[in-house]
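Architecture and fold: a report
Okay, here's what each chain looks like letter by letter:
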Amino acid sequence: MGVAGSGKSAVGAALAARLGAVYLDGDDLHPPANIEKMSRGEPLTDEDRWPWLTLVGQRLANPQGTLIIGCSALKRRYRDHIRAQAGAPVIFVHLAGSRELIARRMGARSGHFMPTSLIDSQFSALEPPEADESAVTVDIDAPLDDIVGAIAARLEDAGPTASNG
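The rules behind each value
- Residues numbered from 1 in each chain as written.
- Predicted model: local features only at pLDDT ≥ 70, side-chain atom pairs only at ≥ 80, totals over all residues.
- Heavy atoms only, no water.
- Helix = DSSP H or I, 4+ residues; strand = E, 2+ residues; numbered from the N terminus.
- Buried < 20%, exposed > 50% of the residue type's maximum accessible area, 1.4 Å probe, protein only.
- Contact = heavy atoms within 4.5 Å.
- Areas by Shrake-Rupley, 256 points an atom, 1.4 Å probe, with all protein chains shown as cover.
- Polar contact = N/O pair within 3.5 Å; in protein donor to acceptor, adjacent residues only side chain to side chain.
- Salt bridge = Lys/Arg side-chain N within 4 Å of Asp/Glu carboxyl O.
- Pairing = 2+ DSSP bridges.

Let us look at the overall build of the chain. In terms of regular secondary structure, the chain is built from seven helices and four strands. A total of 165 residues make up the chain; the buried ones form 44% of that total. Here the contacts in the chain between residues at least 6 apart in sequence split such that 75% fall between residues at least 24 apart. In the form shown here, the chain has an accessible surface area of approximately 8100 Å², with 51% of it arising from carbon and sulfur atoms.

Right, dumping it as structure tokens:
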């Protein structure tokens, strides 16, 4: 989980490969209307997000092994909704980085529907996981292998009762 440009896709795919899991990009679960809206530089509303978050949770309900889904899950109520839809424990990995780092990353990527103009709305909506949530927080200002290694170690140490850190 994290704001646009935090590396959810790259980190999720690399972590899945390391753990022998399946990775699913949450962007692929957005309805076309959401993609079109974000492409125009318009932030999604909660009304736009609920069906998408429901689908993310439903995919986690029957994973057939370890499943990692890259999903912004910016607000606690979104994460709670995903957990409720999954009907099973879900550990969130918060990919945390500064606005400046995210802006550099988003400016350097091409072919993605999310414009840099939405950075402020992403950070405005972000509610980092709290200590009572099953989550780990990892600083993304590091090479990909280091980020993935840190996540794998934190998940191994934390197990199903992970905490924010």
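With respect to the secondary-structure elements, lysine 8 resides in helix α1 (residues 8–19). Within the structure, the side chain of lysine 8 is placed 3.0 Å from the backbone oxygen of valine 3, a separation counted as a polar contact. Those residues in contact with lysine 8, other than ones at most four positions away along the chain, are Met1, Gly2, Val3, Tyr23, Gly70, Cys71, Ser72 and Leu95.

Of note, phenylalanine 92 is situated in strand β3 (residues 92–96). Residue phenylalanine 92 is classed as buried on the basis of its relative accessible area of 7%. Sequence separation between phenylalanine 92 and isoleucine 69 is 23 residues; the distance between their C-alpha atoms is 9.6 Å. Apart from the residues lying within four places of it in its own chain, the contact partners of phenylalanine 92 are Met1, Ala73, Arg79, Ile82, Arg83, Ser134, Ala135 and Val136.

Across all of its chains, the model carries 12 salt bridges by this definition. Here glutamate 133 ties to arginine 79 by a salt bridge, and the two come within 2.8 Å at their closest N and O atoms. Note that glutamate 133 is positioned in the loop between α6 (119–125) and β4 (135–139) and arginine 79 in helix α4 (residues 76–86), a separation of 54 residues in sequence. The partner of arginine 99 in a salt bridge is aspartate 120, with the nearest N and O atoms 2.7 Å apart. Of this pair, arginine 99 sits in helix α5 (residues 99–108) while aspartate 120 is found in helix α6, placing the two residues 21 residues apart along the sequence. In this structure aspartate 120 comes out as partly exposed when scored by relative accessible area, which is 49%.

Our focus in this paragraph is the pairing of β3. Here β3 lies mainly inside the structure; four of its five residues are buried. Alignment of β3 against β4, held across five bridges, turns out to be parallel. Bridged to leucine 95 within β4 is valine 138.

This is a description of form; function is not addressed.
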